[in-house]
Amino acid sequence: GSGRGADTAAWIGAAEAEAANARGEDAFGAMIDADKCYDRVPLEDLAEAGAEEARLTRSEGLKALVGLAVEQYGGGRSVQWGGAISEPRHPSGGMMAGCNLANGILHVYTKKSMVKVAREEAALRTYVDDWRLFAAGARRRAASGLVYSLRLAVAELEAKKFKVSRSKTVLMASGPSA
């Protein structure tokens, strides 16, 4: 969901793990971080994903929103230094992470790929530029389900040209207290 970062995702994951442990289940989670997430989105691919999602949902508002975002992100960008402004450049990729539209547009861009992951063994949630997987239940089944879903999620994100951070991607596990 829009506006929730890694800290929020971690707190929600901890609460879900506590609830699972209280039911006597083991809980497993993974936080997936993409390096320079917003710099890697090809604008052409973003426009295609947005147009497809708008067509599938029959949403003219979404179509207009994605068109506006692509137009804004692809517009001329200049650098100001010491009172001088550079000639505008028109990038082929990258979104402005601080823009209010960025979270929603990233969700639209990755939705089709991530639906495959969410249908598998672990629940999937998007938080700004991070993804969180969660599985609870019998230890062996939940752990293997999480590992399978994690591998699938990483493959889907990398197919979208994201670079999954190996140092910031975190695995979590907790079990019921004795």
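Scroll up to find the structure.
Residues numbered from 1 in each chain as written. Predicted model: local features only at pLDDT ≥ 70, side-chain atom pairs only at ≥ 80, totals over all residues. Heavy atoms only, no water.

Things to note about the environment of Arg139
Then, number 1: When you line up the elements, Arg139 lands in helix α5 (residues 139-159).
Then, number 2: In sequence terms Arg139 and Glu25 are 114 residues apart; their C-alpha atoms lie 7.5 Å from each other.
Then, number 3: With residues near it in sequence (within four places) discarded, Arg139 still touches Asp26 and Phe28.
Then, number 4: In terms of polar contacts, Arg139 uses its side chain to reach the side chain of Asp26, at 3.3 Å. (Helix = DSSP H or I, 4+ residues; strand = E, 2+ residues; numbered from the N terminus. Contact = heavy atoms within 4.5 Å. Polar contact = N/O pair within 3.5 Å; in protein donor to acceptor, adjacent residues only side chain to side chain.)

Focus: α5
Then, number 1: A rise of 1.5 Å per residue sets the reference length of α5, with its 21 residues, at 30 Å; its end C-alpha atoms lie 30 Å apart and thus fit the reference within 8%.
Then, number 2: All buried positions along α5 are accounted for by Ala142, Gly145, Leu146, Ser149, Leu150, Ala153, Val154, Glu156 and Leu157. Angularly, the buried residues of α5 cover 165° about the axis, an arc narrow enough to put them on a single face. Summarising the geometry of α5, the exposed residues directed more than 90 degrees from the buried face are Arg140, Arg141, Arg151 and Ala159. (Expected span 1.5 Å × (residues − 1). Buried < 20%, exposed > 50% of the residue type's maximum accessible area, 1.4 Å probe, protein only. Arc of directions from axis to C-beta.)

Details of the side chain of Glu156
Then, number 1: Tracing the backbone shows Glu156 in helix α5.
Then, number 2: Take Glu156: its relative accessible area is 14%, and that puts it in the buried class.
Then, number 3: Contacts of Glu156, omitting those with residues within four sequence positions, involve Ser113, Lys116 and Val117.

As for the nonpolar core
Then, number 1: Counting residues in hydrophobic clusters, the biggest one holds 29 residues, and the most contacted among them are Ile32, Met114, Trp131, Leu133, Leu146, Leu157 and Phe162.
Then, number 2: Secondary structure elements with two or more residues in this core: β1 (26-35), α2 (43-57), α3 (60-74), α4 (102-118), β5 (130-137) and α5.
Then, number 3: Setting aside residues no more than four positions away along its own chain, Trp131 makes contact with Ala30, Met31, Ile32, Ala34, Cys37, Leu106, Thr110, Met114, Leu124, Arg125, Thr126 and Leu157. (Core = buried A, V, L, I, M, F, W, Y, C linked by side-chain atoms within 4.5 Å.)

What about the pairing of β1?
It is a general feature of regular strands that their side chains alternate between the two faces of the sheet.
Then, number 1: Most of β1 sits inside the fold, with ten of its ten residues counted as buried.
Then, number 2: With burial as the criterion, each face of β1 is covered, one bearing Asp26, Phe28, Ala30, Ile32 and Ala34 and the other bearing Ala27, Gly29, Met31, Asp33 and Asp35.
Then, number 3: Two elements, β1 and β5, share eight bridges in a ladder whose sense is antiparallel. Considered in β5, the bridge of Phe28 is made with Ala135.
Then, number 4: Across five bridges, the pairing between β1 and strand β7 (residues 170-174) is antiparallel. (Pairing = 2+ DSSP bridges.)

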